[in-house]
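# Breakdown of the fold
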Amino acid sequence: MTTATGRTTPPSTVIAAFVGFLVSCVFAVTSAGVLVGTHDDIVEALRSSGTSMTEEQLQSAATFTQVLVASIAVVIALVQLWLAFKLRSGRNWARILLTVFTVFQIGSLFIGQGAATLPAYGGALVAALAVVASYLPASNAYFGKRA
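Residues numbered from 1 in each chain as written. Predicted model: local features only at pLDDT ≥ 70, side-chain atom pairs only at ≥ 80, totals over all residues. Heavy atoms only, no water.

A separate point is the nonpolar core. In this structure, Ala-17, Phe-21, Leu-87, Leu-98 and Phe-143 are the most contacted members of the largest nonpolar core, which totals 15 residues. Elements with a contribution of two residues or more to this core: helix H1 (12–36), helix H3 (55–88), helix H4 (92–108), helix H5 (118–134) and helix H6 (137–146). With five residues, the next largest nonpolar core counts Leu-35, Ile-42, Val-43 and Ala-62 among its residues. (Core = buried A, V, L, I, M, F, W, Y, C linked by side-chain atoms within 4.5 Å. Buried < 20%, exposed > 50% of the residue type's maximum accessible area, 1.4 Å probe, protein only. Helix = DSSP H or I, 4+ residues; strand = E, 2+ residues; numbered from the N terminus.)

Here is the structure:
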């Protein structure tokens, strides 16, 4: 649909994809928050791996791991958020990048021997549904008009 200003209004499928990616971002940040509560589990995993680290080194390694993973999750969520807004405005390259991000997001669930959290699974599922919505016929027509 075209408005009086000549701008094309996104179809409901693109809006659904946009909202899905927003929800996926919330899940990513929530997943990073859940990780903060696993400090003792990380220390125990390091300890049981047979490492020769001192207790202080184990605590530091666990903290570093938490900060690193949480920082990466937040940065990815911010990039995904930015891409979601570009998707809503009709940028096909954003749709493609969000698809790639979602593939990596789903792939990351299978790495790390079951270390993924419930919010991580939820975020991946919502992102996958958002990708599907962004490729439905109404969405394709919207991105085709914007090209």
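That shown, we press on.
Here we come to the pattern of salt bridges. Enumeration over the complete set of coordinates arrives at two salt bridges. The shortest N-O distance in the salt bridge between Arg-47 and Glu-44 comes to 2.9 Å. Separated by three residues within a single helix, Arg-47 and Glu-44 lie in helix H2 (residues 39–48), roughly one turn from each other. Among the residues examined, Arg-47 registers a relative accessible area of 36% and is labelled partly exposed. The partner of Glu-55 in a salt bridge is Arg-47, with the nearest N and O atoms 2.7 Å apart. (Salt bridge = Lys/Arg side-chain N within 4 Å of Asp/Glu carboxyl O.)

Taken by themselves, the reported measurements are silent on function.
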